[in-house]
Amino acid sequence: MSGDGATPVSPNTETDRGDDAAEHDETDRTEVQTGASAVIRALENAGVRYAFGVQGGAIMPVYDALYDSAIDHITMAHEQGAVHAATAYGTVTGDPGVCMATSGPGATNLVTGIADANMDSEPLLALTGQVPTDFVGNDAFQETDTVGVTRPITKANYFSSSPDTVGGDVSEAFGLAKMGRQGPTLVDLPKDVTQGETDADPGGPTTPGTYNPAEEADQAAVERAAERFAQAERPVILAGGGVMKADACEQLYEFATEFEVPVVTTMPAIGAFPEDHELSLSWAGMHGTGYANMAITMTDCMLAVGTRFDDRLTGGIDTFAPDADIIHADIDPAEISKNVHADYPLVGDAKAVFEQFHAAMPQAPEADEWLEQVAQWKDEYPMDYEMDEDGPIKPQFVVEVVDAATADDTIVTTGVGQHQMWASQYWTYTKPRTWVSSHGLGTMGYGLPAAIGARIAADDDQQVVCFDGDGSFLMTCQELSVAVREELDITVFVLNNAAIGMVRQWQDAFYEQRRMASEYPWMPAFDKLAEAFGARGFRIESYDEVEETVQEALDYEGPSIVDVFIDPEENVYPMVPSGGDNGLFALSEDQL
Ligand SMILES: Cc1ncc(C[n+]2csc(CCOP(=O)(O)OP(=O)(O)O)c2C)c(N)n1
């Protein structure tokens, strides 16, 4: 598919792979190039340093070619672990993470993670083995129509048809994953294609010549929108994940601080604007801060950049920012007026749009009263919880203690559930790409493999912690074997409430406390489980153990699991019920 008119994409500039990555000497490379070696050459040309995967019959030729490469392969325990680790790698670095799996069950085990990356527009390249072309359609051993299965959940996918074009397919899939609106791509690799000989050069990352996402937005449209924004009496910026993806955080900061506009982020954009800044209102939506939700409800003009207005953010569309003119900038024109009507649509890259918008602003909005109002909301609805030192441990306190004990650039990964919300609410994020979580799909089990991918992507001196739920941890805890084998310094705090707490919370609130299949009093001892894997295990059962044990676990240079017995009845607030009015968030169950 990487035919004429292909546009080169800058490969990852980081080419120094380090000695330890060069497991096998590149000079061992066999002279005859196969489809498989073209695949690996394409990855090398793209600057890929790591691939996460699991071996198997149909993908073996590709692994055999990898034997000769300096690309470091991280063997995962399960393909779901591989895809989440690769996705998190992409979140932290901005470059597509690469995962590999064999055909059939290997490929289907990737599906959840691919769907996850698709919902969050994460750059990801999946390579899957496939039965030989002649066997396709015959129900051959481990045959699954991977292209068919993944078509709705990939940005693009390819069934490679020849050793001569397979390298180009990989180059294009890599280029597409990163360019424009990012997302997952997949190349399905029949065994005869990867085993066949070729002398074709796979080239570097490319995109089809027909794929030309806009860089700058239409200048006249920007000027009209800036004119309106400058007149706003209650302006607000809503920064979405696209701001992070476009590396536009600096531009956001400059714009917001120069024109004194409060900044609300979506969950995926946590860290795009420093949460300790006085203009930060943290994040909005179902469990966002009261003041963020007030601001996006009462605004008269919203500059929304790189967000798809997910329903967890908007609540009911009818009650979303009812008095506001919406300026919506996005790189994907399909997002404009999809969920929320855009009064001022702008199609372009977030970084370019902020620069254009900044230059086009005739003056700062006159919004002193609004800024006072916003500050008042911050006082009125602080993020708070009640704590009794003799009672069960509050999870929010644990998050705060870990935040205080770690550096500002620490990366936090999470599973999905209450713990994810506490980790996002009670940690102060000040740097981009330090919040790594599953948003749109809400995939339990994301936390540990994501911590592995993040650890490999992170700077050596950057700490990586994971807040997990007991239920989420149980879904992918086998990846601890990988963290031990690779000697990865990660610390996992399992906020253990012996329940799949978020479900329990909803049952209590909306199903008359009928706790069907949500209490898990049979959880294993996670500290002992950690030791069985060869990791360090810790347990915290009372407040007086929290600070010391947290420090001990963080100091341990390797994977450690801290089993924290938290208050099993603690709930996440504020809360806007599904489809509700953001301005009417509840601070406790009786307000729902
Ligand atoms: C794979 C998957 N299955 C089911 C769910 C539905 N779900 C959402 S939150 C949640 C509870 C998660 O429990 P746990 O990981 O223990 O976290 P807690 O809410 O207790 O902090 C469940 C089951 C999901 N999000 N993902």
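Just so you know, these numbers come straight off a predicted model, no measurement behind them.

### With respect to the overall build of the chain
Alright, step 1. Per the secondary structure count, the chain includes 22 helices and 20 strands.
Alright, step 2. Its C-alpha atoms give the chain a radius of gyration of 24 Å, within 12% of the compact-globule value 25 Å for 592 residues.
Alright, step 3. Residue burial in the chain is summarised as follows: out of 592 residues, 61% are buried.
Alright, step 4. Both charge centroids of the chain, one from 29 positive and one from 101 negative side chains, sit 3 Å from each other.

### Comments concerning the sheet that holds strand β9 (residues 235–239)
Within a sheet, neighbouring strands are paired by backbone hydrogen bonds and run either parallel or antiparallel to one another.
Alright, step 1. One open sheet holds the 6 strands; their spatial order is β11-β10-β9-β12-β13-β14, and the pairing between them is parallel. The open sheet has two edge strands, β11 (280–283) and β14 (344–347), and neither has a second partner. Looking at each pair of strands side by side, their axes are set apart by 15° on average, direction ignored.
Alright, step 2. Where β9 meets strand β10 (residues 263–265), 3 bridges bridge the pair, whose relative direction is parallel. In the strand pairing of β10, I237 is matched with V263.
Alright, step 3. Seen against the sheet, helix α11 (residues 290–298) touches β9, β10, β11 and β12 (301–305) and runs at an angle of roughly 100° to β11.

### Some points on the site of the ligand
Alright, step 1. Looking at the ligand, there are 17 residues lining it, with Q418, G442, D470, S472 and G501 nearest.
Alright, step 2. Note that an oxygen atom of the ligand is positioned 2.9 Å from one of the side-chain N or O atoms of H419.
Alright, step 3. G501 is positioned with one of its backbone polar atoms (N or O) 2.7 Å from an oxygen atom of the ligand.
Alright, step 4. Burial of the ligand by the surrounding chains reaches 76%, relative to a free accessible area of 580 Å².
Alright, step 5. Elements supplying a minimum of two residues to the shell around the ligand: α16 (418–425), α18 (470–476) and α20 (501–510).
Alright, step 6. Taken together, the residues of the shell around the ligand sort by class into 7 nonpolar, 9 polar and 1 charged.

### Details of the packing of aromatic side chains
Alright, step 1. One pass over the full model with this rule turns up 20 aromatic pairs.
Alright, step 2. Ring geometry for F255 versus F357: centroids 5.7 Å apart, planes at 70°, classification edge-to-face. One end of the pair, F255, is in helix α10 (residues 249–259); the other, F357, is in helix α13 (residues 350–360), and 102 residues separate them in sequence. Accessibility classification places F255 together with F357 in one group, the buried group.

### So, the sheet that holds strand β16 (residues 435–436)
Alright, step 1. Spatially, β16-β15-β17-β18-β20-β19 is the arrangement adopted by the 6 strands of the open sheet, whose pairing is parallel. Lying at the two open borders of the sheet, with one neighbouring strand each, are β16 and β19 (536–540).
Alright, step 2. Helix α22 (residues 543–555) rests against β17 (464–469), β18 (491–496), β19 and β20 (560–565) of the sheet, and its axis sits at about 170° to β19.

### Overview of unusual backbone geometry
A negative phi angle is the norm for most residues apart from glycine, just as the trans form is the norm for most peptide bonds.
Alright, step 1. Residue Y573 is joined to P574 through a cis peptide bond whose omega torsion reads 5°.
Alright, step 2. Take P574: it is sitting in the segment after β20.
Alright, step 3. Unlike most non-glycine residues, R433 shows phi in positive territory, near 60°.
Alright, step 4. Tracing the backbone shows R433 in the loop between α16 and β16.

### A few points about the confidence of the model for the chain
Any residue range with low pLDDT should be treated as having predicted coordinates unsuitable for detailed reading.
Alright, step 1. Looking at the chain as a whole, its pLDDT mean stands at 95, while 95% of the residues score no less than 70.
Alright, step 2. Below a pLDDT of 50 lies the segment residues 1–6, which in the model reaches 14 contacts outside its immediate sequence neighbourhood of four places, other chains included.
Alright, step 3. Predicted confidence is poor over residues 10–30, with pLDDT under 50, and the contacts of this stretch with residues over four places away or in other chains come to 33 contacts.

### Considerations on α16
Alright, step 1. With 8 of its 8 residues buried, α16 lies for the most part within the structure.
Alright, step 2. When α16 is considered as a whole, its buried residues turn out to be Q418, H419, Q420, M421, W422, A423, S424 and Q425.

### A closer look at the UniProt feature "domain: Thiamine pyrophosphate enzyme N-terminal TPP-binding" (unreviewed entry) in the chain
Alright, step 1. Look at the UniProt record and you will see "domain: Thiamine pyrophosphate enzyme N-terminal TPP-binding" (unreviewed entry) annotated at residues 34–147.
Alright, step 2. Secondary structure content for residues 34–147 is 44% helix and 18% strand, and the end C-alpha separation is 22 Å.

### Section: the pattern of salt bridges
Alright, step 1. Overall, the coordinates contain 19 salt bridges when judged by the stated rule.
Alright, step 2. Across the pair R41 and E44 runs a salt bridge, and its minimum N-O distance is 3.9 Å. With a gap of 3 residues between them, R41 and E44 both fall in helix α1 (residues 35–45), about one helical turn apart.
Alright, step 3. Within the structure, one salt-bridge network assembled from shared partners comprises R504, D508, R515, E519 and E569.

### Section: the nonpolar core
Alright, step 1. Counting residues in hydrophobic clusters, the biggest one holds 60 residues, and the most contacted among them are V264, M302, F309, F467, F493 and V564.
Alright, step 2. Other than its neighbours up to four places away in sequence, V264 contacts V236, I237, L238, A239, L281, S282, W283, A284, A292, A295 and I296.
Alright, step 3. Formed by 51 residues, the second largest nonpolar core is a distinct cluster that contains A82, L110, A458 and Y520.

### Some words on the UniProt feature "domain: Thiamine pyrophosphate enzyme TPP-binding" (unreviewed entry) in the chain
Alright, step 1. Here, UniProt's "domain: Thiamine pyrophosphate enzyme TPP-binding" (unreviewed entry) annotation points to residues 415–564.
Alright, step 2. Within the segment residues 415–564, helix and strand shares are 42% and 16% respectively, and the terminal C-alpha atoms sit 15 Å apart.

### Observations regarding α10
Alright, step 1. Residues of α10 that are buried include every one of C249, Q251, L252, F255, A256 and F259, and no others. Looking down the long axis of α10, one finds its buried residues gathered within 160° of arc, a one-sided arrangement. Residues of α10 that are exposed and point over 90 degrees away from its buried face: E250 and E258.
Alright, step 2. For α10, the secondary structure elements touched by its buried residues are α8 (219–230), β9, α9 (241–245), β10, β12 and α13.
Alright, step 3. Following α10 by one or two positions, E260 has its phi on the positive side, about 50°.

### Points about the environment of G315
Alright, step 1. By the secondary structure assignment, G315 is in the loop between α12 (311–314) and β13 (325–330).
Alright, step 2. For G315, a relative accessible area of 12% corresponds to the buried category.
Alright, step 3. Every residue in contact with G315, bar those within four places of it in the chain, is listed here: G579, G580 and N582.

### Topic: the packing of α10 against α13
Alright, step 1. Between α10 and α13, whose axes approach to 9 Å, the crossing angle comes to 25°. By the angle between their axes, α10 is roughly parallel relative to α13. Two packed elements cross with a definite hand, and for α10 against α13 that hand is left-handed. Side by side, α10 and α13 meet where Q251, L252, E254, F255, E258 and F259 of the first sit next to K351, F354, E355, F357 and H358 of the second.

Cut-off values and rules
Residues numbered from 1 in each chain as written. Predicted model: local features only at pLDDT ≥ 70, side-chain atom pairs only at ≥ 80, totals over all residues. Heavy atoms only, no water. Helix = DSSP H or I, 4+ residues; strand = E, 2+ residues; numbered from the N terminus. Rg over C-alpha atoms; globule rule 2.2 N^0.38 Å. Buried < 20%, exposed > 50% of the residue type's maximum accessible area, 1.4 Å probe, protein only. Lys, Arg positive; Asp, Glu negative; His and termini not counted. Charge placed at Lys NZ, Arg CZ, Asp CG, Glu CD. Pairing = 2+ DSSP bridges. Axes fitted to C-alpha atoms, helices over the stretch in contact; angles between N-to-C directions. Contact = heavy atoms within 4.5 Å. Near = heavy atom within 4 Å. Polar contact = N/O pair within 3.5 Å; in protein donor to acceptor, adjacent residues only side chain to side chain. Areas by Shrake-Rupley, 256 points an atom, 1.4 Å probe, with all protein chains shown as cover. Nonpolar A, V, L, I, M, F, W, Y, C, P; charged D, E, K, R; others polar. Phe/Tyr/Trp six-rings, centres within 6.5 Å; stacked < 30°, edge-to-face > 60°. pLDDT = per-residue confidence, 0-100. UniProt positions renumbered as here; feature names shortened; annotations may be inferred. Salt bridge = Lys/Arg side-chain N within 4 Å of Asp/Glu carboxyl O. Core = buried A, V, L, I, M, F, W, Y, C linked by side-chain atoms within 4.5 Å. Arc of directions from axis to C-beta. Parallel < 35°, antiparallel > 145°, perpendicular 65-115°, else oblique. Left-handed = near helix turned anticlockwise from the far one by under 90°.

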